[in-house]
Amino acid sequence: MRGAPRDALIADITPQSVRGEAYGLRQSLDAAGGFIGPILAIILMFLFSDNITLSLWFAVIPAILCMAFLIFGVKEPENIPNTQSKVHNNHLLVNLYLKLIHDLHLKLIHPSSLI
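The shown structure was predicted, so the numbers you read here are calculated from the model rather than taken from an experiment.

Engineer: Help me understand the packing of aromatic side chains, please; the structure alone is not making it clear to me.
Structural biologist: Pairs of aromatic rings are described using the distance from one ring centre to the other and the angle between the two planes. Summed over the entire model, instances satisfying the criterion amount to one aromatic pair. Arranged with centres 5.6 Å apart and planes meeting at 20°, the rings of F48 and F58 form a pair that is stacked. Taken as a pair, F48 in the loop between α2 (19-47) and α3 (52-57) and F58 in the loop between α3 and α4 (60-73) lie far apart in primary sequence, ten residues in all. On the basis of relative accessible area, F48 is assigned to the partly exposed category, the value being 26%.

Next comes the structure, spelled out in structure tokens:
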């Protein structure tokens, strides 16, 4: 899980008073994984005589652990703000944009419709 979804999850499940520490921990673990992961891959490639397929299967282990943590360890926060009005406004904007594009398309294809 990368980028914005991960940051949104952290914002949802951590109290505001420790949110800075949570983002710092996330960044630290991300940097550590970016350093340790390739080193482990090199070691596995050496141990398995350059069998990249077998070495890459080891990447499935942290992926499964992460998914298990997300499914069983993370609970939905109880104070979810109501975003229905934002969604409704976005639909209105999208419909307005599509209508504008359609009208422009008709005017470009059929110049007689300008009259």
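Engineer: How do you make sense of the side chain of T14 when you look at a structure like this?
Structural biologist: Structurally, the position occupied by T14 is in the loop between α1 (3-13) and α2. By relative accessible area, T14 is classed as buried at 17%.

Engineer: Any chance you could explain the side chain of R26 here in plain terms?
Structural biologist: On the secondary structure map, R26 appears in helix α2. Those residues in contact with R26, other than ones at most four positions away along the chain, are R6, D7 and I10.

Conventions used here
- Residues numbered from 1 in each chain as written.
- Predicted model: local features only at pLDDT ≥ 70, side-chain atom pairs only at ≥ 80, totals over all residues.
- Heavy atoms only, no water.
- Phe/Tyr/Trp six-rings, centres within 6.5 Å; stacked < 30°, edge-to-face > 60°.
- Helix = DSSP H or I, 4+ residues; strand = E, 2+ residues; numbered from the N terminus.
- Buried < 20%, exposed > 50% of the residue type's maximum accessible area, 1.4 Å probe, protein only.
- Contact = heavy atoms within 4.5 Å.

Keep in mind that these numbers describe shape and distance, not what the molecule does.
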